[in-house]
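# Summary of the model geometry
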Amino acid sequence: MIRGNEENMLHNKVKIAIAVIIAICAISSASILIRLTEAPALTIAFYRVFIGTGIYFPFVLIQRKVNTEAFHKAKAPYRMLLVCFAGVCLAAHFGFWISSLRHTSIASSVSLVNTSPIFVALFYRFSKNYPSELGNRPGWIWAGVILGMIGSIGLAGSDLFNPEGHSLFGDFLAVMGAISLAGYLVTGRIIGSSIPTATYLTCVYGSSSIILFLLCLLTASPLFNFTQKTYLMLFLIGLVPQGIGHSLINWSLRHLPATIVSLFVIAEPIGATVLAALILREYPGISTIVFMALIVAGISMSNFAFAKQKP
């Protein structure tokens with residue numbers, strides 16, 4: 001019986017690890033696809049979540065009975081408010097981050113937007129869930145957070161001397177994207193498995209789509225009359241980084257604390273930077289590599305502390 005439980009635990013860990021690896025590979029392609037898309041940032045953000053909504057909506061129709069029972073048990077009004085808040089956070093995240101890619105390098109943008117573990121840890125530090133979410137090694141976790149912050153500040157500081165003069169604004173947008181991503185991850189963790197995954201994704205992506213659609217109308221961002229290449233890129237953005245990547249991240253939140261999930265996605269800057277060098281010939285400078293390494297090292301330190309915490 002004990003051996004069977006251990007095998008099940010190992011199987012679940014392997015399944016989660018595979019899901020996280022696939023998610024990281026999928027979301028790493030986002031910045032490259034966005035750079036290849038000739039459309040405004042808000043338009044790209046809208047299509048990304050709109051296509052993601054369309055992917056999971058059929059599953060909601062299939063599981064109508066299960067969804068009704070789940071919402072009844074989960075105190076639907078309260079949960080729906082959280083779902084809507086997650087949608088707002090997701091819309092803000094994509095709006096800020098995709099805009100940042102127009103004003104700074106892919107390496108800087110992706111590195112800074114993935115400092116979300118810092119803000120997730122800060123949230124839990126001042127919440128009732130501090131002991132359970134940060135484990136019994138908070139000192140090591142905070143050491144990693146501080147190291148990551150030094151790397152982030154250094155990365156933004158190096159852009160002060162960028163000859164184009166626009167990178168610092170892009171860095172600011174990326175950090176705002178990190179803060180809103182932290183809110184999105186924490187909210188997803190709070191909701192947990194009370195709502196079926198496909199239903200949760202459809203509701204969050206759907207509410208985010210509505211917000212971004214209204215923003216597109218308010219800012220006169222075009223939604224049509226693009227080239228075939230742009231439509232293809234928009235579809236791929238909605239399918240790969242959103243439909244696969246972000247959705248697997250949401251699924252992993254049902255099995256792991258938000259802080260751990262946010263720590264895992266630190267591999268995205270590495271994948272995105274490699275793809276940017278191979279596809280766009282956008283090579284990071286030495287200072288960018290150094291500060292990226294500090295961010296990765298800092299958040300990896302926190303992740304190691306989680307892995308070593310006592311049961």
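Residues numbered from 1 in each chain as written. Predicted model: local features only at pLDDT ≥ 70, side-chain atom pairs only at ≥ 80, totals over all residues. Heavy atoms only, no water.

## Focus: the overall build of the chain
For the chain, the helix and strand inventory stands at 15 helices and zero strands. When each of the 311 residues of the chain is scored for burial, the buried share is 51%. As displayed, the chain offers around 15000 Å² of accessible surface, 72% of which is attributable to carbon and sulfur atoms. (Helix = DSSP H or I, 4+ residues; strand = E, 2+ residues; numbered from the N terminus. Buried < 20%, exposed > 50% of the residue type's maximum accessible area, 1.4 Å probe, protein only. Areas by Shrake-Rupley, 256 points an atom, 1.4 Å probe, with all protein chains shown as cover.)

## So, the confidence of the model for the chain
Looking at the chain, the pLDDT average stands at 81 and 80% of residues meet or exceed 70. Per-element mean pLDDT across the chain ranges from 52 in helix α8 (residues 130-134) up to 94 in helix α12 (residues 228-252). (pLDDT = per-residue confidence, 0-100.)

## Side note on empty space enclosed by the protein
Scanning the model with the defined rule gives three cavities of 30 Å³ or more in all. The space that makes up the largest cavity amounts to roughly 160 Å³. Lining the largest cavity are 16 residues, with Ile 27, His 93, Leu 181, His 246 and Glu 268 positioned closest to its centre. Per-element tally for the lining of the largest cavity: the top contributor is helix α5 (residues 76-100), with three residues. Residue classes in the lining of the largest cavity are distributed as ten nonpolar, four polar and two charged. (1 Å grid on protein atoms, 1.4 Å probe; cavity = no way out; pocket = protein on both sides within 12 Å on 5 of 7 lines; lining within 4 Å. Points joined across faces, edges and corners; volume = space filled by probe spheres on them. Nonpolar A, V, L, I, M, F, W, Y, C, P; charged D, E, K, R; others polar.)

## Focus: the side chain of Thr 104
Here Thr 104 is to be found in the loop between α5 and α6 (106-113). Within polar-contact distance, the side chain of Thr 104 engages the side chain of Asp 171 at 3.2 Å. (Polar contact = N/O pair within 3.5 Å; in protein donor to acceptor, adjacent residues only side chain to side chain.)

## A few points about the nonpolar core
Core analysis: the biggest nonpolar cluster contains 63 residues, and Trp 97, Ile 98, Tyr 184, Tyr 200 and Val 204 have the highest contact counts within it. Per-element accounting of this core gives the leading share, nine residues, to α5. (Core = buried A, V, L, I, M, F, W, Y, C linked by side-chain atoms within 4.5 Å.)

## Details of unusual backbone geometry
Non-glycine residue Ala 220 carries a positive phi angle of around 60°. Considering the arrangement of structural elements, one finds Ala 220 in the loop between α11 (197-218) and α12. Residue Ala 220 is classed as exposed on the basis of its relative accessible area, which comes to 64%. In this structure, Asn 225 is a non-glycine residue whose phi angle is positive, near 65°. Inspection of the secondary structure assignment puts Asn 225 in the loop between α11 and α12. With relative accessibility at 77%, the residue Asn 225 sits in the exposed group.

## Some details on the environment of Ala 39
Its location among the elements puts Ala 39 in the loop between α2 (30-35) and α3 (41-62). Owing to a relative accessible area of 9%, Ala 39 belongs among the buried residues under this scheme. In this structure, the C-alpha to C-alpha distance between Ala 39 and Phe 226, residues 187 residues apart in sequence, is 7.6 Å. Setting aside its immediate chain neighbours within four residues, Ala 39 contacts Ile 44, Arg 102, Phe 226 and Thr 230. (Contact = heavy atoms within 4.5 Å.)

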